[in-house]
Amino acid sequence: MIAFEATRAWAEAQDAADPLRDFRADFHIPQHEGRDTLYFCGNSLGLQPKGVRAAIEAELADWSGLAVEAHFRGRSPWMHYHEYVRDAMADVVGAQPHEVVAMNSLGVNLHLMLVSFYRPTAARPAILMEAGAFPTDRYALESQVRFHGFDPSTDLIELEADGTGGTLSMAAIERAIAEHGHRIALIVLPGVQYRTGQVFDLARIVRLGHARGCVVGFDLAHAVGNLPLALHDSGADFAVWCTYKYLNAGPGAVAGCFVHDRHAHADVPRFAGWWGHDKHTRFKMGPHFVPTPGADGWQISNPPILALAPLRASLDVFRRAGMPRLVEKSRRLTTYLDWLIRSRLDDTLDIVTPNDPAQRGAQLSVRVRAGRDAGRALFEYLEGRGVIGDWREPDVIRLSPTPLYNRYSDCLGAVEVIEAWRSQA
Ligand SMILES: *Cc1c(COP(=O)(O)O)cnc(C)c1O
């Protein structure tokens, strides 16, 4: 048991002793009435790394100065631009470099993966997912079931939450795979559930799914840059994620996609485009598509350089910090916020997110005991005082202290503001 204290002196001493403390200076912190906001929303939109502006300006300069020639003669030749983020991204998700590619957005990548890896048959038509998934995931999966001529009312199997606060137990996932496995073509689950903050055991889900002949893919929107991931070793067939949440690559930034090595040379259906063509013969401009081995073979278009530049700058921060150090700080920081809430606000808030640090990342989802209206009131009170979390219907406030730029004193500050709200509510 770590000895925490709810005093400013203690929190500031922790901040001063934090080996990652200097990374905060790599980010622009939004201001509120002349002071840094207490920003707990890195799960939704990460802060801007200071290196982003120069990274974009370098490409603007090459565009103005070199135009088409910048594809070959730019400081970072555009021809290979998507490759510049590959190694750092592979590190963050625990993959081999050829298993990852930065392209499109999360939802688009999910559809592209479904084109290749959801191959329903009359005997095995179903997709297993969680009830209450992020809407885009459900829309994508349901529309793919229909696209193949199957019926979502029977062939989209949605696992209902069975735990306290809306969490989903591993036992429920096991039971569903045992019961329906023979009919399931594909399992898609998140790495971290966006509303509850619950973490799923990817490797175990893959083992269970594969044992019943199902393909297994993951949406890692809230997991990437947050959890220690070992995607290759998990055995997942594919995964997709966005990069504007914990990865801090900016609004609508270019997303990520993982295709396991075992599919690197797979002859599967795909929606092809010239940038996925074998890069050695791409500019022969032949009529027949030959995919580049690995995840690169799923690219369609040439990469958006101005949108990839921020991802490159933000991954540089991750490379310097390293996921192991980030995860270590993250666990302690979130445990501190959890401890503060339980010891100071127990009569006011319920924590929805699992208490076990192995079953959560940075995010804590809380509900106000007095109900939804009080929850909305608290959320607005926090915003008005420069404490930035986010609201998820029907009644959850998400607070995510992130290890790159949040401090122990931020956690204490947020709890003090909630106490002030309680005493006036
Ligand atoms: C954030 C998020 C998305 C967003 O999808 P975009 O294609 O980037 O708009 C999708 N799914 C989940 C689970 C998310 O958390």
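Model, not experiment: these values are computed from the prediction.

### Describing the overall build of the protein chain
Move 1: Along the protein chain, the regular secondary structure elements total 14 helices and 15 strands.
Move 2: For 425 residues, the compact-globule estimate of 2.2 N^0.38 gives 22 Å, and the C-alpha radius of gyration of the protein chain, at 22 Å, lies within 12% of that figure.
Move 3: Seen through its principal axes, the protein chain has C-alpha atoms that stretch 70 × 60 × 35 Å.
Move 4: Split into buried and exposed, the 425 residues of the protein chain put 55% on the buried side.
Move 5: Here the protein chain displays about 17800 Å² of accessible surface, and carbon together with sulfur accounts for 54% of that area.

### A word on the site of the ligand
Move 1: Lining the immediate environment of the ligand, one finds Leu-106, Gly-107, Phe-134, Thr-136, Asp-137, Asp-219, Ala-221, His-222, Tyr-244 and Lys-245.
Move 2: A distance of 3.1 Å is found between a nitrogen atom of the ligand and a side-chain nitrogen or oxygen belonging to Asp-219.
Move 3: Contact between the ligand and His-222: an oxygen atom at 3.0 Å from a side-chain N or O atom of the residue.
Move 4: Relative to its unbound accessible area of 390 Å², the ligand is 82% covered by the protein chains.
Move 5: Secondary structure elements with two or more residues in the shell around the ligand: helix H5 (106-117) and helix H6 (135-147).
Move 6: Of the residues contributing to the shell around the ligand, the split by class is four nonpolar, three polar and three charged.

### Observations regarding the side chain of Arg-282
Move 1: Note on placement: Arg-282 falls in the loop between strand E10 (256-259) and helix H11 (305-321).
Move 2: In this structure Arg-282 is buried but unpaired, with Glu-83 as the nearest side chain of opposite charge at 6.3 Å.
Move 3: Not counting the four nearest positions on each side in its chain, Arg-282 is found in contact with Trp-274, Trp-275 and His-277.

### Considerations on the nonpolar core
Move 1: One finds Phe-218 and Trp-241 to be the most contacted residues of the largest nonpolar core, which totals 71 residues.
Move 2: Looking at which element gives the most residues to this core, the answer is H11, with nine residues.
Move 3: Two domains each put at least three residues into this core: domain 1 (8-48 + 322-424) and domain 2 (56-319).
Move 4: Core analysis: the second largest hydrophobic core is formed by 33 residues, Val-368, Leu-378, Leu-399 and Trp-421 among them.

### Brief notes about the UniProt feature "modified residue: N6-(pyridoxal phosphate)lysine" (unreviewed entry) in the protein chain
Move 1: As annotated by UniProt and renumbered to match this structure, "modified residue: N6-(pyridoxal phosphate)lysine" (unreviewed entry) occupies Lys-245.
Move 2: By secondary structure assignment, the location of Lys-245 is in the loop between strand E9 (238-241) and E10.
Move 3: Accessibility expressed as a relative area gives 8% for Lys-245, which makes it buried.
Move 4: The residues touching Lys-245, leaving out its near neighbours within four places in the chain, are Gly-42, Asn-43, Ser-44, Leu-45, Gly-46, Ala-221 and His-222.

### Comments concerning the packing of aromatic side chains
Move 1: Summed over all chains, the structure comprises 17 aromatic pairs.
Move 2: Taking the centre distance of 5.2 Å and the plane angle of 55° together, the rings of Phe-4 and Tyr-336 count as tilted. With a gap of 332 residues between them, Phe-4 in the segment before helix H1 (8-17) and Tyr-336 in helix H12 (residues 323-344) connect regions that are remote in the sequence.
Move 3: Here the aromatic rings of Trp-275 and Phe-283 are separated by 6.1 Å at their centres, their planes lie at 90°, and the arrangement is edge-to-face.
Move 4: Judged by its relative accessible area of 3%, Trp-275 is buried.
Move 5: The ring of Trp-298 carries the charged tip of Arg-270 above its face, separated from the ring centre by 4.0 Å.
Move 6: When the ring centre of Trp-391 is taken as origin, the NZ or CZ atom of Arg-376, which lies over that ring, is 4.9 Å away.

### A short note on the sheet that holds strand E12 (residues 364-368)
Move 1: Taken together, the four strands give an open sheet; going across it, the order is E11-E12-E15-E14, and neighbouring strands pair in antiparallel fashion. Because the sheet does not close on itself, it has two edges, and the strands there are strand E11 (349-351) and strand E14 (390-392). Across the sheet, the mean angle from the axis of one strand to that of its neighbour is 35°, orientation sign disregarded.
Move 2: The pairing of E12 with strand E15 (residues 396-399) spans three bridges and is antiparallel. The residue bridging Val-366 from the neighbouring strand is Ile-397, located in E15.
Move 3: Contacting E11, E12 and E15, H12 crosses the sheet at an angle of about 15° to E12.

Calculation rules
Along every chain, residues carry numbers that run from 1 in the direction the sequence is written. Where local features are concerned, this predicted model is filtered to residues with pLDDT of at least 70; where side-chain atom pairs are given and counted, the filter is 80 or more; whole-chain, interface and lining totals use all residues. Side-chain calculation: all heavy atoms of the structure are included, whereas hydrogens and water are not. Put simply, DSSP H or I for four residues or longer makes a helix, DSSP E for two residues or longer makes a strand, and each gets a number counted from the N terminus. Throughout, the radius of gyration refers to the C-alpha atoms, and the reference size of a globule is 2.2 Å times the residue count to the power 0.38. The rule is simple: take the accessible area with a 1.4 Å probe, protein chains only, and divide by the maximum for that residue type; under 20% is buried, over 50% is exposed, in between is partly exposed. Only the protein chains shown count as cover for residues, and the accessible areas themselves come from Shrake-Rupley with a 1.4 Å probe. One heavy atom within 4 Å of a molecule or strand is enough for the residue carrying it to be called near that molecule or strand. Within 3.5 Å is the distance limit for a polar contact, defined as a pair of N or O atoms, with the added protein rule that one can donate a hydrogen and the other accept it, and that residues adjacent in sequence qualify only through two side-chain atoms. Only Asp, Glu, Lys and Arg are considered charged, only Ala, Val, Leu, Ile, Met, Phe, Trp, Tyr, Cys and Pro nonpolar, and every remaining residue, Gly among them, polar. Charge counting follows a simple rule: Lys and Arg are positive, Asp and Glu are negative, and His as well as the terminal groups are ignored. For this document, the term salt bridge refers to a Lys or Arg side-chain nitrogen within 4 Å of an Asp or Glu carboxyl oxygen. Two residues qualify as a contact provided that any one of their heavy atoms is within 4.5 Å of a heavy atom in the partner residue. Only buried residues count toward a nonpolar core. Its members are Ala, Val, Leu, Ile, Met, Phe, Trp, Tyr and Cys residues joined through side-chain atoms within 4.5 Å. What fixes the domain bounds is an automatic or database domain assignment. UniProt positions are given in the numbering used here, feature names are shortened, and annotations may be inferred rather than shown by experiment. Two rings belonging to Phe, Tyr or Trp (six-membered ring only in the last case) form a pair when the distance between their centres is within 6.5 Å. Interplanar angles under 30 degrees mark stacking, angles over 60 mark edge-to-face geometry, and anything in between is tilted. Put simply, a charge is over a ring when the Lys NZ or the Arg CZ is close to the ring centre, within 6 Å, and near the line of the ring normal, within 35 degrees. When DSSP finds two or more bridges between a pair of strands, those strands are recorded as paired. To get an axis, a line is fitted to the C-alpha atoms, and for a helix only the part in contact is used. The angle between two axes follows their N-to-C directions and goes from 0 to 180 degrees.

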